[in-house]
Amino acid sequence: MIAYVCKYTPVEIIKAFGEDVFCIEPEISSYENAEKLLHPNMCSFAKAIVEYVLQSGIKNLVLTNCCDSIKRVYDVLKDKMEFIEIIDLPRENTPEACQFFYCQLETFKSKLSKRLNREFDEEVFRSQVNKLIAQNKHSSFDISIMGARAKKELIEFVCSSAGGRVLNLTCSGERFCQDDVKFDGSLESYAKVLLSFPPCMRMNIKRKFIEENFFKGIIYNTIKFCDFYSFEYARIKEKSNVLKIETDFSQNANEQVRTRVEAFVEKTLQKATTSKSISNKKYFAGIDSGSTSTNAVVIDSSKNILGYCTVKTGFDVVSSAKLALSKACSMAGINEDDISFITSTGYGRISIPFSNMQVTEITCHAKGAHALFPSARTIIDIGGQDSKVIKIDEDSNVLDFVMNDKCSAGTGRFIEYMARVLELELEDFSRCSNFSEDLTISSMCTVFAESEVISLIAQGKRREDIVRAINKVVAIKAISLINRVKGEKDFVMTGGVAKNKGVVLELERKLDSRLLIPFDPQIVGALGAALVGLESG
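Below or above, wherever it landed, is the structure these notes cover. Predicted model, so just to flag it, every value in this text is computed and none were measured.

1. Thoughts on the overall build of the protein chain
Here comes step 1: Per the secondary structure count, the protein chain includes 19 helices and 19 strands.
Here comes step 2: Overall size of the protein chain, expressed as C-alpha extent along the three principal axes, is 80 × 65 × 40 Å.
Here comes step 3: A burial count over the protein chain gives 55% of its 537 residues as buried.
Here comes step 4: In the protein chain, the share of contacts with a sequence separation of at least 24, taken over all contacts with a separation of at least 6, comes to 66%.
Here comes step 5: Here the protein chain contributes 69 positively and 71 negatively charged side chains, and the mean placements of these two sets differ by 1 Å.

2. Some words on the sheet that holds strand 8 (residues 242-247)
Sheet strands associate in pairs through backbone hydrogen bonding, adopting either a parallel or an antiparallel arrangement.
Here comes step 1: If you walk across this open sheet you meet the four strands as 6-5-7-8, and the pairing is parallel. Since the sheet does not close on itself, it has two edges, and those belong to strand 6 (166-170) and strand 8, each with one partner. Along the sheet, successive strands turn relative to each other by an average axial angle of 20°, direction set aside.
Here comes step 2: Note: strand 7 (residues 217-223) against strand 8, six bridges, orientation parallel. Following the sheet pairing, tyrosine 220 is matched in strand 8 by lysine 244.
Here comes step 3: Relative to strand 7, helix 10 (residues 228-236) is tilted by about 150°, and along the sheet it contacts strand 5 (143-147), strand 7 and strand 8.

3. A word on the packing of aromatic side chains
Here comes step 1: This structure, assessed with the given rule, holds seven aromatic pairs.
Here comes step 2: Ring geometry for phenylalanine 17 against phenylalanine 120: centres 5.2 Å apart, planes inclined by 65°, an arrangement best described as edge-to-face. Taken together, the positions of phenylalanine 17 in the loop between helix 1 (11-16) and strand 2 (21-23) and phenylalanine 120 in the loop between helix 5 (95-116) and helix 6 (122-133) put the pair 103 residues apart, joining distant regions of the chain. Of the two residues, phenylalanine 17 and phenylalanine 120, both sit in the buried class.
Here comes step 3: One aromatic cluster is present, built from ring pairs that chain together Phe17, Phe120, Phe125, Phe183 and Tyr190.
Here comes step 4: The ring of tyrosine 31 carries lysine 47 above its face, with NZ or CZ at 4.5 Å from the centroid.
Here comes step 5: The lysine or arginine in question, lysine 109, covers the ring of phenylalanine 120, its NZ or CZ lying 4.1 Å from the ring centre.

4. A closer look at the side chain of asparagine 221
Here comes step 1: Within the element layout of this structure, asparagine 221 appears in strand 7.
Here comes step 2: Accessibility expressed as a relative area gives 0% for asparagine 221, which makes it buried.
Here comes step 3: Engagement of the side chain of asparagine 221 in a polar contact is seen with the backbone oxygen of arginine 149, the distance being 3.0 Å.
Here comes step 4: If we ignore the near neighbours within four places in the chain, the residues touching asparagine 221 are Met146, Gly147, Ala148, Arg149, Ala150, Leu154, Ile245 and Thr247.

5. Structural notes on the sheet that holds strand 16 (residues 387-392)
Here comes step 1: The five strands lie next to each other as 17-16-15-18-19, forming an open sheet whose pairing is mixed. Among the strands making up the open sheet, the edge pair consists of strand 17 (398-403) and strand 19 (515-516).
Here comes step 2: In this structure, strand 16 lies alongside strand 17, joined through five bridges in antiparallel fashion. Looking at the pairing, valine 389 lines up with valine 402 of strand 17.

6. Structural notes on the environment of glycine 217
Here comes step 1: In this fold, glycine 217 is placed in strand 7.
Here comes step 2: Judged by relative accessible area, which is 0%, glycine 217 ranks as buried.
Here comes step 3: As for glycine 217 and isoleucine 145, which are separated by 72 residues in sequence, their C-alpha atoms are 8.7 Å apart.

7. Overview of the packing of helix 3 (residues 44-56) against helix 4 (residues 68-77)
Here comes step 1: Between helix 3 and helix 4, the least distance of the axes is 9 Å, while the angle of their chain directions is 25°. For the element pair helix 3 / helix 4, the angle class is roughly parallel. Taken as a pair, helix 3 and helix 4 cross one another with a handedness that is right-handed. For the pair helix 3 and helix 4, contact is made by Ala46, Ile49, Val50, Val53 and Leu54 and by Ser69, Ile70, Val73, Val76 and Leu77, respectively.
Here comes step 2: The residue inventory of the contact of helix 3 with helix 4, partitioned by class, reads nine nonpolar, one polar and no charged.

8. Some remarks on the pairing of strand 6
Side-chain direction in a regular strand flips from residue to residue, so the side chains alternate between the two faces of the sheet.
Here comes step 1: Most of strand 6 sits inside the fold, with five of its five residues counted as buried.
Here comes step 2: Going residue by residue along strand 6, you find Val166, Asn168 and Thr170 tucked away on one face and Leu167 and Leu169 tucked away on the opposite face as well.
Here comes step 3: Alignment of strand 5 against strand 6, held across five bridges, turns out to be parallel. Each residue of the ladder has a partner; that of isoleucine 143, found in strand 6, is valine 166.
Here comes step 4: In the classification by handedness, the crossover that spans strand 5, the intervening helix 7 (residues 152-162) and the parallel strand 6 is right-handed.

9. Section: the nonpolar core
A general trend in soluble globular proteins is that nonpolar side chains are found buried together.
Here comes step 1: If you look at the biggest cluster of nonpolar residues, it comprises 79 residues, and the most contacted ones within it are Ile13, Leu61, Leu77, Phe125 and Tyr190.
Here comes step 2: Here this core gets seven residues from one element, more than from any other, and that element is helix 5.
Here comes step 3: Setting aside residues no more than four positions away along its own chain, isoleucine 13 makes contact with Leu105, Phe108, Lys109, Phe120, Phe125, Leu187 and Tyr190.
Here comes step 4: Ile382, Val389, Leu424 and Ala475 belong to the second-largest nonpolar core, a separate cluster that totals 37 residues.

10. Digging into the environment of asparagine 404
Here comes step 1: With respect to the helices and strands, the residue asparagine 404 is situated in the loop between strand 17 and helix 14 (412-422).
Here comes step 2: With relative accessibility at 1%, the residue asparagine 404 sits in the buried group.
Here comes step 3: For the pair formed by asparagine 404 and leucine 481, sequence separation is 77 residues and the distance between their alpha carbons is 7.7 Å.

11. Here's the deal with the pattern of salt bridges
Here comes step 1: As enumerated under the stated definition, the model contains 22 salt bridges in all.
Here comes step 2: The shortest N-O distance in the salt bridge between glutamate 19 and arginine 118 comes to 2.8 Å. You can see glutamate 19 sitting in the loop between helix 1 and strand 2 and its partner arginine 118 sitting in the loop between helix 5 and helix 6, a full 99 residues away along the chain.
Here comes step 3: In this structure arginine 118 comes out as partly exposed when scored by relative accessible area, which is 36%.
Here comes step 4: Lysine 216 is the salt-bridge partner of aspartate 142, the closest N and O atoms lying 3.6 Å from each other. Of this pair, aspartate 142 sits in the loop between helix 6 and strand 5 while lysine 216 is found in the loop between helix 9 (208-212) and strand 7, placing the two residues 74 residues apart along the sequence.
Here comes step 5: One network of salt bridges, in which partners are shared, links Asp142, Arg165 and Lys216.

Basis of the calculations
Residues numbered from 1 in each chain as written. Predicted model: local features only at pLDDT ≥ 70, side-chain atom pairs only at ≥ 80, totals over all residues. Heavy atoms only, no water. Helix = DSSP H or I, 4+ residues; strand = E, 2+ residues; numbered from the N terminus. Buried < 20%, exposed > 50% of the residue type's maximum accessible area, 1.4 Å probe, protein only. Contact = heavy atoms within 4.5 Å. Lys, Arg positive; Asp, Glu negative; His and termini not counted. Charge placed at Lys NZ, Arg CZ, Asp CG, Glu CD. Pairing = 2+ DSSP bridges. Axes fitted to C-alpha atoms, helices over the stretch in contact; angles between N-to-C directions. Phe/Tyr/Trp six-rings, centres within 6.5 Å; stacked < 30°, edge-to-face > 60°. Lys NZ or Arg CZ within 6 Å of the ring centre and 35° of its normal. Polar contact = N/O pair within 3.5 Å; in protein donor to acceptor, adjacent residues only side chain to side chain. Parallel < 35°, antiparallel > 145°, perpendicular 65-115°, else oblique. Left-handed = near helix turned anticlockwise from the far one by under 90°. Nonpolar A, V, L, I, M, F, W, Y, C, P; charged D, E, K, R; others polar. Right-handed = clockwise from strand over helix to strand, strands pointing away. Core = buried A, V, L, I, M, F, W, Y, C linked by side-chain atoms within 4.5 Å. Salt bridge = Lys/Arg side-chain N within 4 Å of Asp/Glu carboxyl O.

Any link to function would need more than the numbers given here.
Listed below in structure tokens is the structure:
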């Protein structure tokens, strides 16, 4: 069994020797071994390869010199493997480059023959290459994944969300010929076949699929500590159909990445996940299962809000959702059996078994905010665990959106943590208005900001002034997100942090515009979910 990493690996030669071959899909939980051998800031994928090879006991590995990180992988593994080869890959597909690559393939074939001590089967080789050429990728695809190597589970998730019409054009994506090539059974023509693959950024070949941009949506993946593809993203980021995500190979796809991808697919394909049919009843419910609170709203077929409720999200999200829905129905004066359709949103949306449809909070907040304020064009939602800014048109369609990264900087959790340090209740943040000194907290990071707050306390600064400094840093974080989507008036603020008058005031100062605040800013996502359910029928 021989492992490989790069799509340019001559897999068909290996198979012609009767050897099994597989592409490494590293699944690891830490870089415990890799960080002893590689610099901590090395590309996450390169570290994941080293960790996975060492943990799984792989003894045969074929690499290509596709980037400096892979060369370092070869350096640290070359004395730990029974068989390891790194093939020099040309950067062009000119006749001279094809001839050079042919020589590399000939050398590899000779070394592999000695290693395996087997005959090369010409018929198997010809059959495998013809099968490769027959791969048809000329049919239409809605979504393409581009950029750096993406985890298998991410690709499967995107395919699932988009209904399977997804083409993987990442650096080591699907192996197929983008141009018509002739294969006569020789290694020379095989070299031309391999060099006709959609080029990665390392190749000095025009990436036509980027220039032509004929997909409805492009999900552009970058890997932590791999700067290569960030340069290309900088060139295409102004395109309206591009979503950038950053992943690493140490964790499963987190919920923020899941939400971003699903919201992008909803925006691009107008798609939502429906699991049950609509009955003839006239009441609709939306449930927003967030990280800290669960909200439910009940509306009638005329879009009137009949009942709503917010409860704390406990360990059991299903129980929290049932409790919120029960209380909302009680306020509406109806039984739960009277609800004809339930739509769930928020991080826990897929965990609520009695919902009929799941929709991302991006779409739901857009719908809910627009219903309350038809003039809304930019929604600032700061919840317990994340913050997001959504730009919409006059019909509540999502034009663009952006979310904070993995950390909780600038979210409700950040304020909650600082309140604990100051020995205050969250409600006290709105009551602090008697300021005397304009203090500044420079760090967005919760840990570093805590150190700054403790330092200000030690300096004898007034508690009210420190609270204002915390509110300012939350507002600055939100402004950076607003700028990224080029937010426009009117601005609506939703989420639990909208109840903090200090943050609202700081945002209004920086925007030089009044914020529209719903009567209960926490239920906007649930309201939007109920409206989506109503309109889907």
